[in-house]
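Okay, here's what each chain looks like letter by letter:
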Amino acid sequence: MKGNDMEDVYILAIESSCDETAAAVVKNGRTVLSNIISSQIALHTMFGGVVPEIASRKHIEKINQVIEDALKGADMKLEDMTAIAVTYGPGLIGALLVGVAEAKAIAYAAKKPLIGVHHIEGHVSANFIENPDLEPPFVCLIVSGGHTHLVIVRDYGEFSIIGRTRDDAAGEAFDKVARAVGLGYPGGPKIDRAARDGNPGAMTFPRAKVGDNPYDFSFSGLKSAVLNYINHAKMTGEEICVPDLAASFQNAVVEVLVSRTVEAAKEYGFSKVAIAGGVASNTALREAMQHACMDAGLSFYYPSPVFCTDNAAMIGTAAYYEYRKGVRAGWDLNAVANLRLGER
Ligand code: KG4
Ligand code: ZN
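Residues numbered from 1 in each chain as written. Chains lettered and ligands numbered in written order. Predicted model: local features only at pLDDT ≥ 70, side-chain atom pairs only at ≥ 80, totals over all residues. Heavy atoms only, no water.

Attention shifts here to the environment of I142. Position of I142 relative to the elements: it lies in strand β6 (residues 138-143). Using a relative accessible area of 0% as the deciding quantity, one classes I142 as buried. (Helix = DSSP H or I, 4+ residues; strand = E, 2+ residues; numbered from the N terminus. Buried < 20%, exposed > 50% of the residue type's maximum accessible area, 1.4 Å probe, protein only.)

Coordination of the zinc ion (ligand 2) by the protein involves H119 (NE2), H123 (NE2) and D310 (OD), with metal-donor separations of 2.0 to 2.1 Å. Each donor residue of the zinc ion (ligand 2) belongs to the same chain, and together they define the spacing H-x3-H-x186-D. Taken as a pair, H119 and H123 lie in helix α4 (residues 119-130) at a separation of 4 residues, close to a single helical turn. As far as burial versus exposure is concerned, H119 and H123 are alike and both buried. (Donors = N, O, S within 2.8 Å, 3.2 Å for Na, K, Ca; no water.)

Another point: the sheet that holds strand β3 (residues 31-39). One open sheet holds the 5 strands; their spatial order is β3-β2-β1-β4-β5, and the pairing between them is mixed. Two strands bound the open sheet, and with one partner strand each, they are β3 and β5 (114-118). Across the sheet, the mean angle separating the axes of adjacent strands is 20° when strand polarity is ignored. Packing against the sheet, helix α2 (residues 52-74) makes contact with β1 (10-15), β2 (20-27) and β3, and its axis sits at approximately 25° to β2. Strands in contact with helix α11 (residues 313-325) are β1, β2, β3, β4 (83-89) and β5; relative to β1, the strand with the most contacts, it is inclined by about 130°. (Pairing = 2+ DSSP bridges. Axes fitted to C-alpha atoms, helices over the stretch in contact; angles between N-to-C directions. Contact = heavy atoms within 4.5 Å.)

Grouped together as the largest cluster of nonpolar side chains are 51 residues, with contacts concentrated most on L245, F249 and M289. For this core, the secondary-structure elements that each account for two or more residues are β6, β7 (148-155), α5 (170-180), α6 (187-195), α7 (220-236), α8 (242-268), β9 (272-276) and α9 (283-296). Here the element with the most residues in this core is α8; it accounts for 13 residues. Other than its neighbours up to four places away in sequence, L245 contacts V177, V181, M203, F205, V226, Y229, I230 and I240. By size, the runner-up hydrophobic cluster in this structure holds 37 residues, among which are A13, V117, I142 and L341. (Core = buried A, V, L, I, M, F, W, Y, C linked by side-chain atoms within 4.5 Å.)

The next point concerns the packing of aromatic side chains. Overall, the coordinates contain 11 aromatic pairs when judged by the stated rule. With a centroid separation of 3.7 Å and 0° between ring planes, the pair formed by Y156 and Y321 is classed as stacked. Taken together, the residues Y156 in the loop between β7 and β8 (158-164) and Y321 in helix α11 connect sequence positions 165 residues apart. There is no split in this pair, since Y156 and Y321 are both buried. Grouping aromatic residues by their ring pairs yields a cluster made of F128, F138, Y156, Y320 and Y321. (Phe/Tyr/Trp six-rings, centres within 6.5 Å; stacked < 30°, edge-to-face > 60°.)

A few words now on the domain arrangement of the chain. Domains assigned within the chain are domain 1 (10-126 + 308-324) and domain 2 (136-303). Centre-to-centre separation of domain 1 and domain 2, based on C-alpha positions: 27 Å. Facing 18 residues of domain 1, the contacting portion of domain 2 comprises 18 residues. For the pair domain 1 and domain 2, the summed buried surface comes to about 1500 Å²; carbon and sulfur atoms form 74% of the total. When residues of domain 1 are sorted by the area they lose upon contact with domain 2, I120, V124 and C308 head the list and together hold 39% of the total. Put simply, domain 1 and domain 2 have 4 residue pairs in polar contact (both at pLDDT 80 or more) between them. (Domains from an automatic or database assignment. Buried area = accessible area lost by both parts, 1.4 Å probe. Polar contact = N/O pair within 3.5 Å; in protein donor to acceptor, adjacent residues only side chain to side chain.)

This brings us to the sheet that holds β6. Strand order in the open sheet made by the 5 strands is β8-β7-β6-β9-β10, with mixed pairing throughout. With partners counted over all chains shown, the strands left at the sheet margins are β8 and β10 (299-301), one partner each. Averaged over neighbouring strand pairs, the angle between their axes works out to 25° when direction is ignored. Note: β9 against β10, 3 bridges, orientation parallel. By the bridge assignment for β10, V273 is matched with F300.

Moving on, we come to the pairing of β3. As paired strands, β2 and β3 are joined by 8 bridges and run antiparallel to one another. What sits directly across from A23, in β3, is I36.

Attention shifts here to the packing of α5 against α8. Axis separation between α5 and α8 bottoms out at 11 Å; the angle between their running directions is 165°. Comparing their axes, α8 and α5 come out roughly antiparallel. Between α5 and α8 lies a crossing of right-handed hand. Taking contact as the criterion, the partners of A173, F174 and V177 in α5 are, on α8, L245, F249, Q250 and V253. Looking at side-chain class alone, the contact of α5 with α8 contains 6 nonpolar, 1 polar and no charged residues. (Parallel < 35°, antiparallel > 145°, perpendicular 65-115°, else oblique. Left-handed = near helix turned anticlockwise from the far one by under 90°. Nonpolar A, V, L, I, M, F, W, Y, C, P; charged D, E, K, R; others polar.)

Take a look at the structure:
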């Protein structure tokens with residue numbers, strides 16, 4: 001066993017908000033001792049997307065094993081943990097309930113404090129894992145399957161939202177376009193891969209314009225333009241070059257995400273930019289943001305792909321800072337499907 005000094009904080013974190021059953025042990029917020037992810041992707045692929053009830057059933061099957069593997073991987077026991085943390089929203093309600101019920105049972109039986117974590121706060125916190133020098137404040141672009149937010153991270157767990165999507169989330173747009181062009185589920189990684197062999201300038205798709213807030217996003221117009229292109233090609237019997245289409249669509253998304261993020265950092269006077277969420281693992285987004293930040297004299301932070309998509313290590317990191325603030329959940333902790341960022 002590793003030394004469990006009084007001042008060291010070990011958190012067992014559980015994440016089950018969508019289609020990954022995950023558990024991790026995190027030491028003092030930034031050292032990941034284990035990070036176990038049981039993905040259901042193969043199971044949902046046959047349905048072309050996540051089926052909520054199947055996700056819940058799979059979580060209940062896997063969760064004990066995943067937690068046991070996380071403790072084993074860290075070479076620690078439940079009694080060595082300082083606290084138990086769990087994602088309690090937002091996400092699929094039946095999926096969240098599995099993790100919340102499990103965490104409550106463990107915390108109760110082992111007499112450990114319980115910490116409820118906001119899933120998106122977890123995604124943002126993924127940036128702390130491999131960047132020991134990163135501290136708030138900074139600007140963060142959160143791009144996942146369900147969320148597209150541009151936020152100022154004022155302090156640990158404290159956010160000001162300066163922009164959000166008016167319609168589809170960025171990941172949702174990737175998933176819908178991938179499905180329409182026959183790449184299947186999950187769309188993001190498939191478009192990313194196909195785009196590597198394509199020409200991003202081959203087709204011109206609209207860059208979303210939204211009314212009054214310069215930092216809001218909209219992807220439904222772009223998605224419709226791509227779907228129209230596909231339908232038109234099908235009707236006229238034209239062959240679609242999938243790599244070109246993937247690269248051109250991805251280019252349109254990336255351009256908008258990068259330009260707004262860098263503009264926001266400049267306007268609000270922050271020198272650090274981070275990205276978070278599943279779409280943050282996109283190769284083109286990472287490269288374009290890196291270049292734009294360099295040109296603008298900004299420091300750019302990003303998690304490794306494994307910490308961008310859903311995982312429990314990021315939940316353990318977020319929980320550590322909540323723990324330090326004295327935040328504890330009561331035995332009445334419940335799952336909240338539409339939990340908003342900044343809400344408790
Ligand atoms: O953060 P995440 O794992 O789950 C949510 O909290 O939503 O994000 C999943 C989303 C999916 O829409 C998936 O297609 C997208 O992230 N994604 C990507 C890539 N990898 C995952 N999108 C673009 N490029 C990728 N490489
Ligand atoms: Zn997520």
